[in-house]
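Take a look at the letters that make up each chain.
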Amino acid sequence: MKKLLLVLVAAAAALFSPALRADDYPSKPITLVAIFGPGSTSDTICRVLAQQLGIALKQTVIVENRPGANGAIAAEYVAKSDPDGYTLFFTTVGAVAINPALRGNLGYDPIKDFAPVGMAVFNSTMLVVNASMQVNSARELAALAKERPGAITIGITGLGAISHLGLELFQAAAGVKLQAVPYRGASQAVTDLLAGQVDGLFGDVPTVIAQVKAGKLKALAATSQERSDIFPDVPTFVEQGFAHTVANQWAGILAPALTPSAVITKLNAALNTALNDADVRGKLAQAGVTPSPGTPEEFARDLAQEIARWGRLIRAKGIKGE
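Right, let's walk through the structure included here.

Rules used throughout
Residues numbered from 1 in each chain as written. Predicted model: local features only at pLDDT ≥ 70, side-chain atom pairs only at ≥ 80, totals over all residues. Heavy atoms only, no water. Core = buried A, V, L, I, M, F, W, Y, C linked by side-chain atoms within 4.5 Å. Buried < 20%, exposed > 50% of the residue type's maximum accessible area, 1.4 Å probe, protein only. Contact = heavy atoms within 4.5 Å. Phe/Tyr/Trp six-rings, centres within 6.5 Å; stacked < 30°, edge-to-face > 60°. Lys NZ or Arg CZ within 6 Å of the ring centre and 35° of its normal. Pairing = 2+ DSSP bridges. Helix = DSSP H or I, 4+ residues; strand = E, 2+ residues; numbered from the N terminus. Axes fitted to C-alpha atoms, helices over the stretch in contact; angles between N-to-C directions.

1. Description of the nonpolar core
Counting residues in hydrophobic clusters, the biggest one holds 34 residues, and the most contacted among them are Leu 32, Ile 45, Leu 49, Phe 90, Val 121, Ile 253 and Leu 284. Among all residues touching Ile 45, those that are not within four sequence positions of it are Phe 90, Val 121, Leu 284, Ala 287 and Val 289. Counting 30 residues, the second-largest nonpolar core is a separate cluster that includes Ala 75, Ala 79, Leu 102 and Leu 165.

Next up, the structure:
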């Protein structure tokens, strides 16, 4: 009788387990934790997607900003949250693919502590110069840099940022030495470039889109594998002969590890529905990013590859975080 009672208790527990209650998910508001503050490009994208996710899931999706430490604060918070699908992490490449090699003693493991939901968007990093500078391609800038080694100044949006890593890849591929000028963010870097305080800038599309379209900055190359759909006339570094100079900024959604697979599947379907919505795609294009729907498995593969790739470069160059 005692053994039968234990079996019945176990069966009841299984019946009401999170995995089997996934059909009822979500039954309350979901929190989507963003790594940057309100008004940032990442926050804007997060809010666009949160609204559409709420429609797809028929539940409110709240954006909660937890900025700091290049996303580490938000990442640790979500990693330690209940794995029930109600606290999710809207992350960019820095928090999960760059931080592990750049910062010691992280309070989270980007592979072990999270369950990938899906990639959301990506955008290319661009090499831009002041419109008055007499170069029109990355090749021409590389030729000038060989004549003036270490004299050409290129702004980056932080030590260890994707812009810094893109610059390192370009220097290695071109066999040149440029002078990196680190900034804390993009706005001052753009201001200084426009004022002629630096010669160029590695910045992602959302950072430079307005000034390039206005003709105040000149885009020389994109770090994407293929041309950006935002700037289809700008050739890639790869096209110009600089192999492996690929450094995309991207954002995706992660859930705490052990979140039920049925919940992950439902979230991924809602995310892809949002990313394929015409209105959402229009808003994302205005922000300078490209929707990137896919499966959790594809995101997991991409994340592992990015962690390995950036880790090798950071260690090889001895790059330290700020």
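Having seen the model, we can carry on.
2. Points about the packing of aromatic side chains
Any two aromatic rings considered together are summarised by their centre-to-centre distance and by the angle between their planes. Overall, the coordinates contain 9 aromatic pairs when judged by the stated rule. Aromatic pair Phe 237 and Phe 242: ring centres 6.4 Å apart, planes at 65 degrees, arrangement edge-to-face. The pair formed by Phe 237 and Phe 242 is uniform in burial state, with each residue classed as buried. A connected cluster of aromatic rings, assembled from ring pairs, spans Phe 170, Phe 202, Phe 237 and Phe 242. Sitting above the plane of the Tyr 86 ring, Lys 28 keeps its charged end 4.8 Å from the centroid. Its guanidinium or amino end placed over the ring of Tyr 77, Arg 66 lies 3.5 Å from that ring's centre, counting from NZ or CZ.

3. Digging into the sheet that holds strand 11 (residues 290-291)
Within the open sheet, the 6 strands sit side by side as 2-1-3-10-4-11. Their pairing is mixed. Whereas interior strands pair on both sides, the edge strands pair on one side only; in this sheet they are strand 2 (61-65) and strand 11. Bridge analysis of strand 1 (residues 30-34) against strand 3 (residues 87-92) gives 4 bridges, and the strand direction is parallel. Bridging from a neighbouring strand, Ala 34 pairs with Phe 90 of strand 3. Contacts from helix 11 (residues 296-317) reach strand 4 (114-123) and strand 10 (249-256), with the element oriented near 80 degrees to strand 4.

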